[in-house]
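# Notes for the structure review
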Amino acid sequence: MQLAPHRLAIENISAEIDGGRFPAKATIGQRFRIEVDIFSDGHDALGAVARVCPADTSKWHEIRMLFDDNDRWVGEVNFNQIGFWDLTIGAWRDLFATWRADTMKKLAAGQAVSLEIVEGRQLVEAAAQQSGRDELQSLLASLQDRSPSDLEQEETQIALLLSEQTLDIMQRFGVRTNLTIYPRTIRVWVDRELAGFSAWYELMPRSQTRDPERHGTFDDVIARLPYVRDLGFDVLYFPPIHPIGRTNRKGRNNSLVAQPGDPGSPYAIGSEDGGHDAVHPQLGTLSDFKRLVDAAADQGMEIALDFAIQCSPDHPWIREHPEWFDWRPDGTIKFAENPPKKYEDIVNVHFYRDAIPGVWLALRDVVLFWIEQGVKIFRVDNPHTKPFPFWEWLISDIRARHPDAIFLAEAFTRPKVMARLAKLGFTQSYSYFTWRNTKAELEEYLGELTQGPNRQTMRPNFFVNTPDINPRFLQQSGRAGFRTRLVLAATLAGNYGVYNGFEICEARAVPGKEEYLDSEKYQIRVWDMDEPGHIKDDIALINRLRREHPALRAYESLRFYNAWNDEILYYGKSDPAASSFLLFHVNLDPHNAQETEFEVPLWEFGLKDTDAIEVEDLLRGNRFEWRGKLHRLRLDPEERPYAIWRLFPPEGSGR
């Protein structure tokens, strides 16, 4: 008998990750979509709400959910506070909505509804008695007014009872018969806006010199800030800035023997000058770095640092904490290996045996140290090679102190491992976008990311290139391919990034490898970003559009549309609340012009196939009209391999 009141089934909540083991992720300023299966016996109409509140309060807010299809209900939440939120679902039999639907059918059939009027009024009376809301009392008073004749009274009352206004009042304040609350509270972690929508620019501080014989400094980076700002980036990211070891230092192009003056790899962290909480002396001092952080903030940017958990053989930790490292039977330290590769200039810490809890606490304190210097964003190198429990503990500990911290997982690894890291707390994740080039690959992968089971835990960051990855597509595509990959990354994802040199289409590779020739990882480079053929104008344009159009923040709104050419990717994004709807055509063939017929998605606005819609070409600024569903387009990669359109919803379309 205790089960009797719980008459409704509430199942398959999209925000419940692994049975509640992990929180879903949301972002301030972006709608969080909740989907859930709700059904009951019989054919009564149902009502449902999502209930949310900050985890440290008991002040619940209700968001009405709407029926979608096949017993699936949807709702959207706009969270306004960083941190953990609680979420649950409530559903009930809506007797008034059931009465209204049945009564409208009887009226349409010409049947008498005198008794139905009495029943409807009784439902309003019961609601008013239960809640005492002024809206219900006013409605009830209107229903009790007397008209000159019974017929006029009946017509007046049925019109009032069936009105949309009455339906809205009863949905909000009516009796919730057989109210059923989902038995578990679901946790949602809400991040600041930059976690879900950001544009990253990566550079090597030591290469910001104008003289190849002089090591770049933090002051050189400060001088470069206006350049990065004018391109439209809001995150400036550095590979490790710590002292570089000398033992087994790598030379140019990853040679095993360094020549005099070779700076070594910044990933060989640690020397007599310090470890993970120190800066490389040739870059400047810690005070210089803090000036850089402040200067970046003045330009509207944040600094992101690489958190690489590896050490040069010269790192102070090896001498101070030998128990944190692996040693071979002959007493020598074990270098980092990925057989047959051996990285003689670095060694790895281990996380268990005598290293726990010491190394865990030390690494946590490294993150806290840089937060004290003003850094809140960390790109984590190879997190998939460190224990899952360590990351869950570290990120949780940091969040408890600094809930605005952001962690990007650089984990190009197996899909389930990447997904697990996202569930454990990583704010953003590298992805396979770098190697998805064809239309079929992109549609399948983006569908998986935006609509698949990991969409509420994994936020991809679409980096077009990195110091470690010079994609084969870019090696072979020329300038057009760089423009194509830029637009895809910046408009398909909420977060994206480029590595210094992308803007001048740098593509020289080590033969047969996805590695840069003369890589900055092993030498200082002097860059000329005004080289002919640069794409700085494209970058600035796309970043400006990202700032100006809310649709580009609506990551999960991505939809692919029909363009009958496998070399043209055609998709749209929308934010109905902001009346923002954008369409994109991108030529995936960097060598040939492509032409296609395509469908204008008039159905998204409730329009017929023959209707017209106003459109703006966001690249040229002209406005005109598309009449009818089918149109043609030609994209020449030598001119511009992409087109971007804004559609203007007609009045009353709901968009």
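What you see is a predicted model; the values in this text were computed from it and never measured.

### Focus on the packing of helix α14 (residues 472–492) against helix α15 (residues 536–548)
Following both chains from N to C, one finds α14 and α15 inclined at 15°, their axes separated by 10 Å at the closest point. The orientation of α14 relative to α15 falls into the category roughly parallel. Seen along the crossing, α14 lies across α15 with a hand that is right-handed. Together, Arg479, Arg483, Leu486, Val487 and Ala490 of α14 and Asp538, Ile539, Ile542 and Arg546 of α15 make up the contact between the two elements.

### Looking at the sheet that holds strand β17 (residues 406–410)
Taken in spatial order, the eight strands of this open sheet run β18-β17-β16-β13-β12-β11-β20-β19, and their pairing is parallel. Each having just a single partner strand, β18 (428–429) and β19 (461–463) make up the two edges of the open sheet. As defined by bridge partners, β19 adjoins strand β20 (residues 495–499) across three bridges and the pair is classed as parallel. Bridge assignment links Asn461 to a residue of β20, and that residue is Asn495.

### With respect to the nonpolar core
The tendency in soluble globular proteins is for nonpolar side chains to be buried side by side. Ile89 and Phe289 are the most contacted members of the largest nonpolar core, which totals 138 residues. Tallying contributions element by element places helix α10 (residues 358–372) first for this core, with 10 residues. With 19 residues, the next largest nonpolar core counts Phe581, Leu607, Ile613 and Leu633 among its residues.

### As for helix α8 (residues 286–298)
Its 13 residues place the ends of α8 19 Å apart at the C-alpha level, agreeing with the 18 Å of an ideal helix rising 1.5 Å per residue. Along α8, the residues classified as buried are Asp288, Phe289, Leu292, Val293, Ala295 and Ala296. Projected down its long axis, α8 carries its buried residues within an arc of 165°, all on one side. Those residues of α8 that are exposed and aimed more than 90 degrees away from the buried face are Ser287 and Asp298. Where α8 is buried, its residues touch α7 (218–231), β12 (235–238), β13 (302–307) and α10. Looking one or two places after α8, you find Gly300, whose phi comes out positive at around 80°.

### Comments concerning the pattern of salt bridges
Should their charged atoms come close, side chains of opposite charge can pair. Within the structure shown, the criterion is met by 52 salt bridges. For Arg353, the salt bridge is made with Asp326, and the minimal N-O distance between the two is 2.6 Å. With Arg353 in the loop between β15 (341–347) and α10 and Asp326 in the loop between α9 (316–320) and β14 (335–338), this pair connects stretches of sequence that are 27 residues apart. Ionic pairing is found between Arg620 and Asp617, a salt bridge with its closest N-O pair at 3.0 Å. Under the relative-accessibility criterion, Arg620 is labelled exposed at 65%.

### Describing the UniProt feature "site: Transition state stabilizer" (unreviewed entry) in the protein chain
UniProt feature "site: Transition state stabilizer" (unreviewed entry): in the numbering of this structure it lies at Asp468. Take Asp468: it is sitting in the loop between β19 and α14. Those residues in contact with Asp468 that sit more than four places away from it in its chain are Arg379, Glu514 and Lys521.

### Side note on the side chain of Ser198
Within the secondary structure layout, Ser198 lies in strand β11 (residues 198–202). A distance of 3.5 Å separates a polar side-chain atom of Ser198 from the backbone oxygen of Leu194. Once residues lying within four places of it in the same chain are set aside, the contact partners of Ser198 are Asp234, Val235, Gln428, Gly494, Asn495, Tyr496 and Arg546.

### Comments concerning empty space enclosed by the protein
A full pass over the atoms with the stated rule returns four cavities of 30 Å³ or more. When its volume is computed, the largest cavity comes out at roughly 90 Å³. Lining of the largest cavity is provided by Met204, Pro205, Arg206, His215, Pro239, Pro240, Ile241, His242, Ile244, Pro266, His280 and Leu283. Residue composition of the lining of the largest cavity, grouped by class: eight nonpolar, three polar and one charged. There is about 50 Å³ of room inside the second largest cavity. What lines the second largest cavity is simply His242, His276, Leu305, Asp306, Phe307, Ala308, Val366, Val367, Trp370 and Phe378. When the residues that make up the lining of the second largest cavity are grouped by side-chain class, the tally is seven nonpolar, two polar and one charged.

What counts and what doesn't
Residues numbered from 1 in each chain as written. Predicted model: local features only at pLDDT ≥ 70, side-chain atom pairs only at ≥ 80, totals over all residues. Heavy atoms only, no water. Axes fitted to C-alpha atoms, helices over the stretch in contact; angles between N-to-C directions. Helix = DSSP H or I, 4+ residues; strand = E, 2+ residues; numbered from the N terminus. Parallel < 35°, antiparallel > 145°, perpendicular 65-115°, else oblique. Left-handed = near helix turned anticlockwise from the far one by under 90°. Contact = heavy atoms within 4.5 Å. Pairing = 2+ DSSP bridges. Core = buried A, V, L, I, M, F, W, Y, C linked by side-chain atoms within 4.5 Å. Buried < 20%, exposed > 50% of the residue type's maximum accessible area, 1.4 Å probe, protein only. Expected span 1.5 Å × (residues − 1). Arc of directions from axis to C-beta. Salt bridge = Lys/Arg side-chain N within 4 Å of Asp/Glu carboxyl O. UniProt positions renumbered as here; feature names shortened; annotations may be inferred. Polar contact = N/O pair within 3.5 Å; in protein donor to acceptor, adjacent residues only side chain to side chain. 1 Å grid on protein atoms, 1.4 Å probe; cavity = no way out; pocket = protein on both sides within 12 Å on 5 of 7 lines; lining within 4 Å. Points joined across faces, edges and corners; volume = space filled by probe spheres on them. Nonpolar A, V, L, I, M, F, W, Y, C, P; charged D, E, K, R; others polar.

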